[in-house]
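# Structure at a glance
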Amino acid sequence: MTTAVQKRMRDLSGHNYIANQWQPSSGELIDLIDPATEEVVGQYAHATKAEVDEAIVAANAAQKQWWAMSALDRANAMHLVADRMIELSVETGECLTREMGKPFRESNWEGGAAASSFRYYAEIARHEQGRVAGPAIAGQIHMVLKEPVGTVVSIVPYNFPLLLAGWQVAAALAAGNAVIIKPSEITSLTLLYSMAAFDHLPSGLVQVLTGGAQTGQDLVGHKDTHAIAFTGSVKAAQAVAATAALQFKPALIEASGNDAFIVMPSADIDTAARGAAFAAFLNCGQVCTSAERFYVHEDIYDEFVSKLAAHAKALRVGSGLELVDIGPMSSKRELERFEKIVDRAIEQGAEVVCGGSRSADRTTGWFYEPTVLKTTHDMDVMHGECFGPLAPICKVTSLDQAIAFANDSELGLGANIYTNDLEETFRAVNEIETGIVWVNTPLNDNDAIPFGGRKLTGTGRELGAEGLELFRNSKMVMIAPTAEADPEWFPYPDDDTYEATTT
Ligand code: NAD
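Rules used in this analysis
- Residue positions are given per chain, counting from 1 as you read along its sequence in written order.
- This being a predicted model, a pLDDT of at least 70 is required before a residue's local features are given, and a value of 80 or more before pairs of side-chain atoms are given or counted; all residues contribute to the totals for chains, interfaces and linings.
- Computation of side-chain values: all heavy atoms of the structure, hydrogens and water removed.
- Two strands pair under a simple rule: DSSP has to find at least two bridges between them.
- We count a stretch as a helix when DSSP gives it H or I for four or more residues in a row; a strand needs E for two or more, and each element gets its number in order from the N terminus.
- Note on geometry: axes are C-alpha line fits, over the in-contact stretch for helices, and angles between N-to-C directions span 0 to 180 degrees.
- By definition, residues are in contact when any of their heavy atoms lie within 4.5 Å.
- For each residue, the test is whether any non-hydrogen atom lies within 4 Å of the molecule or strand; if one does, the residue is near.
- Pairs of N or O atoms within 3.5 Å make up the polar contacts considered here, provided that, within protein, one atom can donate a hydrogen while the other can accept it, and that residues adjacent in sequence are counted only when both atoms are side-chain atoms.
- A 1.4 Å probe and the Shrake-Rupley method give the accessible areas. Residues count as covered only by the protein chains that appear here.
- Under this grouping Gly is polar, as are all residues other than the nonpolar Ala, Val, Leu, Ile, Met, Phe, Trp, Tyr, Cys and Pro and the charged Asp, Glu, Lys and Arg.
- Domain delimitation follows an automatic or database domain assignment.

Turning to the sheet that holds strand S6 (residues 141-148), a few remarks are in order. The strand order S5-S6-S22 describes an open sheet built from 3 strands, whose pairing is antiparallel. Of all the strands in the sheet, just strand S5 (130-133) and strand S22 (472-479) have a single pairing partner and so form its edges. Within this sheet the neighbouring strands show an average axis-to-axis angle of 20 degrees, counted without direction. Bridge count between S6 and S22: 8 bridges; the pairing is antiparallel. Across the sheet, the residue bridging to isoleucine 141 is isoleucine 479, located in S22.

Structure (structure tokens):
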């Protein structure tokens, strides 16, 4: 049986979304594979340079139209995007699950979560558009006006394509910009599909160009794009930031995470173990804020390890369109990369508590068993991003040691602690060097609070009022009520002439 969504996925294959039309690309076509069945579900195209040029011309024209509208009309148009994303979310959800494997519950959720950021930004942007300062010259008005930068390039990964593009597009539109989205190769069709929620906007205001690193670079390096919003791996982020820097383009960089998860004896261990299973295995561990390394106090280490392993073993693994908790890894390449990380940890002495191999009962699909390892902090697995269904757990003797290990990382996205002790809470919040700290509430976010990381995780913030800043230029404006001569002008008075003082 072919579903309506599967048919639509075939229709969208090999297209870009330019000037509010799905247009066939003349670029090379690459197959998209369902990671649960290994069947071809469609193709994405490598957008050509001519298609990049065409989209950028349309974007810059649309941006002028958009900025000429009232802030209230822009807000209403963004609320309509939100309504339509919610209406579409069952369809985009099925498409997303077929493209990258996550359970339908999660892919369906993404449409609504993205819609929420459109509603937030629709209102926050019209709340203020600059500020008036106390004048440095009596009687004048001195102010800063916030203006759009122009056309924003949004480059997004495969793990939360609707949500992450939604965060960037909502903020960029609210600030008055046009946006061109460059989706991950793996989830090209989901973003093309979602464009049905945007077709009431000026033609070319939001567009999708598919392709890989080259398409991304063509957009970032183009002289007529004006700011970059990137989410993805550190390596790609560095390439994007370098290209943007040559033209002094502002770049929001949201790269990899290696989040620590600390558990102290004061915590409710049952809840901590359940929260840990969610934090480690959600979306098959393919979350930038996945708990990537656990630091558990020695007094409760054995209890915590066995409780987390029990949750891991109980997870239902299978096709995201069935009743499961986790799906497959998103691609064969990702599965093979992840397998090497686990194998290396075992080689370095990690003890397998559960999992540690591909799912033996599956003949097709890129499934891996949820895995719990007993590790030590010196192992490689504790020092990078595994981005797969793995919970490596290291024993610590104190909170001091847990915080020191948490901070011993080149990355700085988020960190979790489970504790019921107020002093431990304060210490974790103040001393952990990350952009996010969660105390007893793993992996949550809030449209109204900025999200982002430190160190090699990147620079800039998404969400919150702060999330508008990268997409706006500040213009300093000073207005005098009448044209009057300024006493500071020429000619300078004679008594200001330099006179040497003698000793
Ligand atoms: P990726 O870096 O392979 O790809 C991300 C995007 O960048 C894709 O659209 C890709 O086509 C594009 N790209 C790749 N190389 C490029 C280049 N040289 N120039 C321009 N564009 C380029 O990442 P992925 O595998 O899709 O996603 C997983 C990564 O994303 C993980 O490292 C994860 O931590 C990170 N991530 C970070 C956040 C965050 O908020 N910090 C959120 C989600 C995912």
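Moving on: the sheet that holds strand S12 (residues 259-263). Taking strand neighbours across the sheet as the criterion, the 7 strands line up as S14-S15-S16-S13-S12-S18-S19 in an open arrangement whose pairing is mixed. Two strands close off the open sheet at either side, each with one partner strand: strand S14 (351-354) and strand S19 (436-439). In this sheet, neighbouring strand axes are inclined to one another by 25 degrees on average, regardless of whether the strands run parallel or antiparallel. In this sheet, strand S18 (residues 414-418) lies alongside S12 in parallel orientation, the contact comprising 4 bridges. Bridging across to S18, phenylalanine 261 finds its partner in asparagine 416. Packed onto the sheet, helix H9 (residues 269-281) meets S12, strand S13 (291-297), strand S15 (371-375), strand S16 (390-396) and S18 and runs at close to 170 degrees relative to S12.

Close to the ligand lie 30 residues, the nearest being Lys182, Gln217, Ser233, Ala255 and Glu385. Between the ligand and serine 256 there is a distance of 2.9 Å, counted from an oxygen atom to a side-chain nitrogen or oxygen. Burial of the ligand by the surrounding chains reaches 91%, relative to a free accessible area of 860 Å². Looking at side-chain class alone, the shell around the ligand contains 16 nonpolar, 10 polar and 4 charged residues. Two domains share the shell around the ligand, each providing at least three of its residues, namely domain 1 (4-255 + 457-476) and domain 2 (259-448).

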